[in-house]
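So you can see what is in the structure, the chains are spelled out below.
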Amino acid sequence: MTEGKERIRFDCVGTITQPHIYKCTTCDHEFRGKVQIEKHELQCPECELEERIITQPKQFEVVGVIENVAS
């Protein structure tokens, strides 16, 4: 998903276009994800729970934001 070095900012929300670490409220699976902008959807790869997102997810907990760090 990202190239080079990265930093994870825990307890930060960021923007909807940034990659995040999400936790599924149904199966407790943590995963890296990015909202599909054209569909505004997020899907858990473990249990396949899917949510259409306008601003912030309700069925997924945002664990942190993934940021690229310049070398």
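Predicted model only: the values in this text are computed from it and were never measured.

S.K.: Describe the overall build of the chain, and please don't skip the residues or the numbers.
M.R.: Of the regular secondary structure elements, the chain holds zero helices and six strands. Listing every helix and strand of the chain by position from the N terminus yields β-β-β-β-β-β. Rg of the C-alpha trace for the chain: 12 Å, near the compact-globule value of 11 Å for 71 residues, within the 12% margin. Once the C-alpha set of the chain is aligned to its principal axes, its extents read approximately 35 × 25 × 20 Å. Residue burial in the chain is summarised as follows: out of 71 residues, 28% are buried. In the chain, 51% of the contacts between residues at least 6 apart in sequence involve partners at least 24 apart. Surface summary for the chain: the accessible area is close to 4,900 Å², and the carbon and sulfur share equals 46%. Charge-centre separation for the chain: the mean point of 9 positive side chains lies 6 Å from the mean point of 13 negative side chains.

S.K.: Which residues make up the packing of aromatic side chains, and what values do they have?
M.R.: Inspection of every chain in the model, using the stated rule, returns three aromatic pairs. An angle of 35° between the planes, with centres 5.9 Å apart, marks the rings of Tyr22 and Phe31 as tilted. When sorted by exposure, Tyr22 lands in the same class as Phe31, which is buried. Measuring from ring centre to ring centre gives 6.4 Å for Tyr22 and Phe60, while their planes differ by 70°; the resulting arrangement is edge-to-face. One end of the pair, Tyr22, is in strand E2 (residues 20-24); the other, Phe60, is in strand E6 (residues 60-69), and 38 residues separate them in sequence. Looking at Tyr22, the relative accessible area reads 3%, which means it is buried.

S.K.: Explain the sheet that holds strand E3 (residues 30-33) to me, and be specific about the residues and the numbers.
M.R.: What the four strands build is an open sheet, ordered E1-E6-E2-E3; its pairing is antiparallel. The open sheet has two edge strands with one neighbour each: strand E1 (5-10) and E3. Strand-to-strand twist in this sheet, taken as the mean axis angle between neighbours without regard to direction, amounts to 30°.

S.K.: Let's hear about a negative patch on the surface: which residues, and what values?
M.R.: A contiguous patch of negative charge, built from Asp11, Asp28, Glu30 and Glu61, is present on the exposed surface. Tracing the backbone shows Glu30 in strand E3. Relative accessible area serves as the criterion here: at 47%, Glu30 is assigned to the partly exposed category.

Parameters and conventions
- Residues numbered from 1 in each chain as written.
- Predicted model: local features only at pLDDT ≥ 70, side-chain atom pairs only at ≥ 80, totals over all residues.
- Heavy atoms only, no water.
- Helix = DSSP H or I, 4+ residues; strand = E, 2+ residues; numbered from the N terminus.
- Rg over C-alpha atoms; globule rule 2.2 N^0.38 Å.
- Buried < 20%, exposed > 50% of the residue type's maximum accessible area, 1.4 Å probe, protein only.
- Contact = heavy atoms within 4.5 Å.
- Areas by Shrake-Rupley, 256 points an atom, 1.4 Å probe, with all protein chains shown as cover.
- Lys, Arg positive; Asp, Glu negative; His and termini not counted.
- Charge placed at Lys NZ, Arg CZ, Asp CG, Glu CD.
- Phe/Tyr/Trp six-rings, centres within 6.5 Å; stacked < 30°, edge-to-face > 60°.
- Pairing = 2+ DSSP bridges.
- Axes fitted to C-alpha atoms, helices over the stretch in contact; angles between N-to-C directions.
- Patch = residues over 30% accessible without salt bridge, like charges linked within 9 Å, V, L, I, M, F, W, Y side chains within 5 Å.
- Salt bridge = Lys/Arg side-chain N within 4 Å of Asp/Glu carboxyl O.

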